[in-house]
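Each chain, written out:
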Amino acid sequence: MLKNRIIPCLDVKNGRVVKGINFVELKDAGDPVEQAKIYSDGGADEICFLDITASNENRDTIYDVVKKTSKKCFVPLTVGGGIRSVEDINKLLNCGADKVSINTAAVENPKVVLDSSKKFGSQCIVVAIDAKKNGEKWEVFTHGGRNNSGIDALEYAKQIEENGAGELLVTSMDRDGTQVGYDIDLMYKISSKVNIPVIASGGVGNLDHLVDGITKGKASAVLAASIFHYGKHSVREAKEYLDSKGIPVRI
Amino acid sequence: MKVTIVDYNSGNISSVINSFNEVAKDKVNIEVTSDLNKIKSSDKVVLPGQGSFKSCVYALNKINGLSDALNEFAITHKKPLLGICVGLQMFADVGYEETETKGLGWISGKVSKIDNQNGKYKLPHIGWNQINIVKDSKIFKDIENNSHMYFVHSYEFVPNDKKIISATTDYSSNIVCSVEKENIFGTQFHPEKSDKSGLKIIDNFINL
């Protein structure tokens, strides 16, 4: 039986781990290579690096982090943030990333998703959707949550699936950093709309939120940052908790 | 001992290289190349593969003499070869991803899309699934039945001769996830991304 995945996410800036509260106020929580190794030894099903300021700053630090991590961690490594082109994707994959997560470029230029999934296979193309509720619908935001594209998130999810995305990483902007739980309604609606796996993100404050993301939100995988890297919970604790709730996990 | 990972522009092979280097340490020489003579003089060959069946077959055929060199290595000289993911799928006679494409024809059978049962099962099949070992395979030494392996694929290998199947995994149906036919080994899952169990499979292959 296919297991639900738990994915710790490390927000990386200038080669160091940080986690934003609603994408601002950054705290330093250590070395990404060591953190990733702790996570993979602790049973993380994948590791995700998000290079949060990559759109604006020098990207070379992330390549170095990916290179070092991929020599130590033998679980899948996803890298996102600031990816603009097929060449950027090529570089990250060559450094040892297994998947890339594309956000802004996928909205501005859907051809990047089309071309890269053709070139490298959909299995390594994750499209990240940052969505914020506006009335009855959700709108897609780009540039690390700064710009509203006005695009309907559900329609976008379907369209990007057709363009060749292998997975969707769905983040609720309203919930990110709040620790009050995933936007279950959003997760459920997108997951029901597409036939590719959905990774739920944004808002995890406790282990029950992870359970809800899978059972109510129908996500295939749950991503969380702060509950893991400030030592509030270990990945193993999270897995044991999910297991106790009858959710299939790799233990 | 020289193990060659075939580099034929089949997508991202960094993780395969990293994992083999991790296991080999300094004891075994890991070479990454498409040089025909180097492949022929290897003790073991690893055939990775990412992307579609069609794109991998095309990439393989683009390198003059490569498929002949692999044939000579695996079929004529019967030296150990491990196919990973689409590398395994290419053992088949034919694949149906994108368009009908001829495979290497080493293990009679076809590669077709996993039946998602009208959307009941999401595709790609991504994540950790347990393997059901149905036959002793040399690469499964010290691997427990029901071990978790990392999968990412939408197509499955359906061999005609079921006796070559060494493990299956349950997703929509019993998907063939490992084969062993004499000196030819293949895994649909990614041992290079399957943590300690995966590294053990790589170790077993290196130590054949």
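Here is what the cut-offs are and how they apply
Residues numbered from 1 in each chain as written. Chains lettered and ligands numbered in written order. Predicted model: local features only at pLDDT ≥ 70, side-chain atom pairs only at ≥ 80, totals over all residues. Heavy atoms only, no water. Helix = DSSP H or I, 4+ residues; strand = E, 2+ residues; numbered from the N terminus. Rg over C-alpha atoms; globule rule 2.2 N^0.38 Å. Buried < 20%, exposed > 50% of the residue type's maximum accessible area, 1.4 Å probe, protein only. Areas by Shrake-Rupley, 256 points an atom, 1.4 Å probe, with all protein chains shown as cover. Lys, Arg positive; Asp, Glu negative; His and termini not counted. Charge placed at Lys NZ, Arg CZ, Asp CG, Glu CD. Contact = heavy atoms within 4.5 Å. Axes fitted to C-alpha atoms, helices over the stretch in contact; angles between N-to-C directions. Parallel < 35°, antiparallel > 145°, perpendicular 65-115°, else oblique. Left-handed = near helix turned anticlockwise from the far one by under 90°. Buried area = accessible area lost by both parts, 1.4 Å probe. Salt bridge = Lys/Arg side-chain N within 4 Å of Asp/Glu carboxyl O. Polar contact = N/O pair within 3.5 Å; in protein donor to acceptor, adjacent residues only side chain to side chain. Nonpolar A, V, L, I, M, F, W, Y, C, P; charged D, E, K, R; others polar. Pairing = 2+ DSSP bridges. pLDDT = per-residue confidence, 0-100.

### Describing the overall build of chain B
Within chain B, the secondary structure is distributed over six helices and 13 strands. Here the C-alpha radius of gyration of chain B, 16 Å, is about what a compact globule of 208 residues would show, namely 17 Å. Taken across its 208 residues, chain B has 62% of its residues classed as buried. Counting only carbon and sulfur atoms, one obtains 43% of the accessible surface of chain B, whose full area is about 8,200 Å². Put simply, chain B has 24 plus and 24 minus side-chain charges, and the middle of one group is 1 Å from the middle of the other.

### With respect to the overall build of chain A
From N to C terminus, chain A includes 10 helices and 12 strands. For 251 residues, the compact-globule formula gives about 18 Å, and the C-alpha radius of gyration of chain A, at 16 Å, lands near that figure. Overall, chain A is about 40 × 40 × 40 Å in size when its C-alpha atoms are taken along their principal axes. In chain A, of all internal contacts separated by at least 6 residues, the share reaching a separation of at least 24 is 65%. Across chain A, the mean location of the 33 positive side-chain charges is 2 Å away from that of the 34 negative side-chain charges.

### A short note on the packing of helix 3 (residues 86-95) of chain A against helix 5 (residues 111-120) of chain A
Residues and elements named next belong to chain A. The interhelical angle for the contact between helix 3 and helix 5, taken along N-to-C directions, is 40°, at an axis separation of 10 Å. Viewed along their axes, helix 3 and helix 5 adopt a mutual orientation that is oblique. Both helix 3 and helix 5 take part in a crossing whose hand is right-handed. Here helix 3 contributes Val86, Ile89, Asn90 and Leu93 to the contact with helix 5, which in turn contributes Val112, Asp115, Ser116, Lys119 and Phe120.

### What about the interface of chain B and chain A?
The partner chain A presents 36 residues to the 29 residues of chain B that form the contact. Here chain B packs against chain A, burying approximately 2,700 Å² in sum over the two surfaces, 50% of which is carbon and sulfur. The largest per-residue losses of area from chain B upon contact with chain A belong to Lys122(B), Ile126(B) and Trp128(B), which jointly make up 26% of the total buried on that side. Viewed at the interface, chain A and chain B are joined by two salt bridges. On the surface where chain B and chain A come into contact, there are 20 residue pairs in polar contact (both at pLDDT 80 or more).

### Examining the environment of Leu104(B)
Residue and element names in this part refer to chain B. Relative to the assigned elements, Leu104 resides in the loop between strand 6 (101-102) and strand 7 (109-113). A relative accessible area of 17% places Leu104 in the buried class. When the C-alpha atoms of Leu104 and Asn71 are compared, they prove to be 8.3 Å apart, with 33 residues separating the residues in sequence. Discounting chain neighbours no more than four positions away, the residues touching Leu104 are Leu47, Leu60, Ser67, Met90, Phe91 and Ala92.

### Let's talk about the pattern of salt bridges
This model, assessed by the stated rule, comprises 26 salt bridges over all chains. In this structure, the salt-bridge partner of Lys200(B) is Asp142(B), at a minimum N-O distance of 3.9 Å. You can see Lys200(B) sitting in helix 6 (residues 195-206) and its partner Asp142(B) sitting in the loop between strand 8 (125-133) and strand 9 (148-153), a full 58 residues away along the chain. Exposure remark for Lys200(B): the relative accessible area of 23% places this residue in the partly exposed category. A single salt-bridge network, built from bridges that share partners, covers Arg5(A), Glu46(A), Lys99(A) and Glu167(A).

### With respect to the packing of helix 1 (residues 14-24) of chain B against helix 6 of chain B
All names here are of chain B. Between helix 1 and helix 6, the least distance of the axes is 9 Å, while the angle of their chain directions is 65°. With respect to helix 6, the element helix 1 is oriented roughly perpendicular. Classified by chirality, the crossing of helix 6 by helix 1 is right-handed. Each of Ser19, Phe20, Glu22, Val23 and Ala24 in helix 1 lies in contact with helix 6, whose residues at this interface are Leu199, Ile202, Asp203, Phe205 and Ile206. The residue makeup of the contact of helix 1 with helix 6, split by class, is seven nonpolar, one polar and two charged.

### Considering the sheet that holds strand 4 (residues 81-84) of chain B
Residue and element names in this part refer to chain B. One open sheet holds the nine strands; their spatial order is 2-1-3-4-13-12-11-8-9, and the pairing between them is mixed. Strands at the two margins of the open sheet, each flanked by one partner only, are strand 2 (29-33) and strand 9. Pairs of neighbouring strands in the sheet enclose a mean axial angle of 30°, with direction left out of account. Here strand 8 runs beside strand 9; their pairing, made up of six bridges, is antiparallel. Along strand 9, the bridge assignment pairs His125 with His153.

### Some details on the confidence of the model for chain B
With 100% of its residues at a pLDDT of 70 or more, chain B has an overall mean of 96. In the predicted complex, the global pTM is 0.94; the interface-specific ipTM is 0.93.

### Considerations on the sheet that holds strand 10 (residues 155-159) of chain B
Residue and element names in this part refer to chain B. Ordered in space as 6-5-7-10, the four strands form an open sheet in which the pairing is mixed. The open sheet has two edge strands with one neighbour each: strand 6 and strand 10. Taken together, the five bridges between strand 7 and strand 10 define a ladder with antiparallel strand orientation. Bridge pairing links Lys113 to Tyr155 in strand 10.

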